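Structural features, examined
Each chain, letter by letter, is given below.
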Amino acid sequence: MSVAAPPEPLAPAAPMDANGFAAVSGATPAQMADLERFRVRLAERNAVMNLVGPASLPDFWSRHAWDSAQLLRLAPDARAWADLGAGAGLPGLVLAILGKGVIGFHVDLVESMTKRCRFLSEVVEELTLPATVHNTRAENLDLTVEIVTARACAPLHRLLGYARPYLQSGATGLFLKGQDVVAEMKEAARHWEYEADVVPSKSDPRGRIVRVRRLGRARKT
């Protein structure tokens, strides 16, 4: 597998407010209301459990909401999504909010930690989202989806192992990563045969999205 070097990282993106997010994402007023309720719930619960870094909450709209929402532009026709290590609901809950009302749209939120699943379930129920919470490990499920996502879940070589059942059933992986993505991809190539490309993040010039189109056999290491 060849990996093209990404451009040099730029300065962090300027903070974005709710109006800025609505402008770049095209979110409707109803979707913005749901996202605001999610933002409030996330801040409340983050005070008593570790969901996201506290310092990131003031920059919710760009660092969390837009970082998640941009994935829809890479798969605009996809309806069946799975978010692995769903944790705080990023990107899974944001995707479910923006897909609410779209016929056939559904997100499977996969999370092994029970207390995080309780948070996810509360938000799904409160906002009546097209999502199902699975309190288990990703590799224990038998789900057929079009897109599998993950954010801050694991290094790529481990993440491919978690996502293997989905990718080998035909799903495309969209994995949100940081500026060390080339090193992660090279390490993953020591463990797996796979095809992938790197898409620059729209939310942060330092971010990358690894799009995995095929996962083959595990390599002997």
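Structure's up top.
The notes below deal with the structure included here. None of the values given here were measured: they were computed from a predicted structure.

Let us look at the overall build of the protein chain. Secondary structure summary: the protein chain contains 8 helices and 7 strands in total. In terms of overall size, the protein chain behaves like a compact globule, its C-alpha atoms giving a radius of gyration of 17 Å where 221 residues would be expected to give roughly 17 Å. Taking the principal axes of its C-alpha atoms as reference, the protein chain extends roughly 50 × 40 × 35 Å. When burial is assessed residue by residue, the protein chain has 48% of its 221 residues classed as buried. Working note: accessible area of the protein chain is about 10500 Å², and carbon and sulfur atoms make up 51% of it.

On to the pattern of salt bridges. Counting across every chain of the model gives 15 salt bridges. With a shortest N-O distance of 2.8 Å, R41 and E126 are connected by a salt bridge. Of this pair, R41 sits in helix α2 (residues 29–46) while E126 sits in helix α6 (residues 114–127), and the two are 85 residues apart along the sequence. Take E126: its relative accessible area is 28%, and that puts it in the partly exposed class. Several salt bridges converge on common partners, so that one network encompasses D34, R37, R41, E44, K100 and E126.

This paragraph deals with the pairing of strand β7 (residues 208–218). Two faces belong to every sheet, and in a regular strand the side chains alternate between them. Summarising the sheet, strand β5 (residues 172–177) and β7 pair through 5 bridges and their orientation is antiparallel. Across the sheet, the residue bridging to L176 is I209, located in β7. Relative to β7, strand β6 (residues 192–200) is paired through 8 bridges, and the arrangement is antiparallel. Considered in β7, the bridge of P200 is made with R208.

Counting buried positions over the 6 residues of strand β2 (residues 106–111) gives 5, a clear majority of the element. Direction of pairing for strand β1 (residues 80–84) relative to β2: parallel, over a ladder of 5 bridges. Residue pairing for β2: W81 is matched across the bridge by V107. Viewed along the sheet, the connection from β1 through helix α5 (residues 92–99) into β2 turns out right-handed. As for the winding sense of the linkage, the β-α-β connection from β2 through α6 to strand β3 (residues 131–135) is right-handed.

Turning our eyes to something else, we now look at the packing of aromatic side chains. Within this structure, the stated rule accounts for 6 aromatic pairs. Pairing F21 with W61 gives two aromatic rings, centres 5.5 Å apart and planes at 45°, and the pair type is tilted. Of the two residues, F21 is situated in helix α1 (residues 18–25) and W61 in helix α3 (residues 60–69); the sequence distance between them amounts to 40 residues. The same class applies to F21 and to W61, which are both buried. With 6.5 Å between their ring centres and 35° between their planes, F38 and F119 make a pair best called tilted. Remark: F119 occurs in helix α6 and F38 occurs in helix α2; sequence separation between them is 81 residues. In this structure, F38 and F119 share a single accessibility class: buried. Here the aromatic cluster, defined as three or more aromatic residues joined through ring pairs, consists of F21, F38, F60, W61, W66 and F119.

What follows covers the packing of α2 against α5. Two elements in contact, α2 and α5, have axes separated by 9 Å at closest approach and are oriented at 155°. Relative to α5, the element α2 lies roughly antiparallel. Both α2 and α5 take part in a crossing whose hand is right-handed. Where α2 approaches α5, its residues Q31, D34, L35 and F38 are matched on the opposing element by L93, V94, I97 and L98. In the contact of α2 with α5, the residues fall into 6 nonpolar, 1 polar and 1 charged.

This part is about the sheet that holds strand β4 (residues 147–151). Sheet strands line up and pair through hydrogen bonds in the backbone, either parallel or antiparallel. With mixed pairing, the 7 strands of this open sheet are ordered in space as β3-β2-β1-β4-β5-β7-β6. The open sheet has two free edges, formed respectively by β3 and β6, since each of these has just one partner strand. Across the sheet, the axes of successive neighbouring strands diverge by a mean angle of 20°, strand direction being ignored. Bridge count between β2 and β3: 5 bridges; the pairing is parallel. Counterpart to D108 in the pairing with β3 is T132. Along the sheet face, helix α8 (residues 181–191) touches β5, β6 and β7 and points at about 165° away from the line of β6.

Cut-off values and rules
- Residues numbered from 1 in each chain as written.
- Predicted model: local features only at pLDDT ≥ 70, side-chain atom pairs only at ≥ 80, totals over all residues.
- Heavy atoms only, no water.
- Helix = DSSP H or I, 4+ residues; strand = E, 2+ residues; numbered from the N terminus.
- Rg over C-alpha atoms; globule rule 2.2 N^0.38 Å.
- Buried < 20%, exposed > 50% of the residue type's maximum accessible area, 1.4 Å probe, protein only.
- Areas by Shrake-Rupley, 256 points an atom, 1.4 Å probe, with all protein chains shown as cover.
- Salt bridge = Lys/Arg side-chain N within 4 Å of Asp/Glu carboxyl O.
- Pairing = 2+ DSSP bridges.
- Right-handed = clockwise from strand over helix to strand, strands pointing away.
- Phe/Tyr/Trp six-rings, centres within 6.5 Å; stacked < 30°, edge-to-face > 60°.
- Axes fitted to C-alpha atoms, helices over the stretch in contact; angles between N-to-C directions.
- Parallel < 35°, antiparallel > 145°, perpendicular 65-115°, else oblique.
- Left-handed = near helix turned anticlockwise from the far one by under 90°.
- Contact = heavy atoms within 4.5 Å.
- Nonpolar A, V, L, I, M, F, W, Y, C, P; charged D, E, K, R; others polar.

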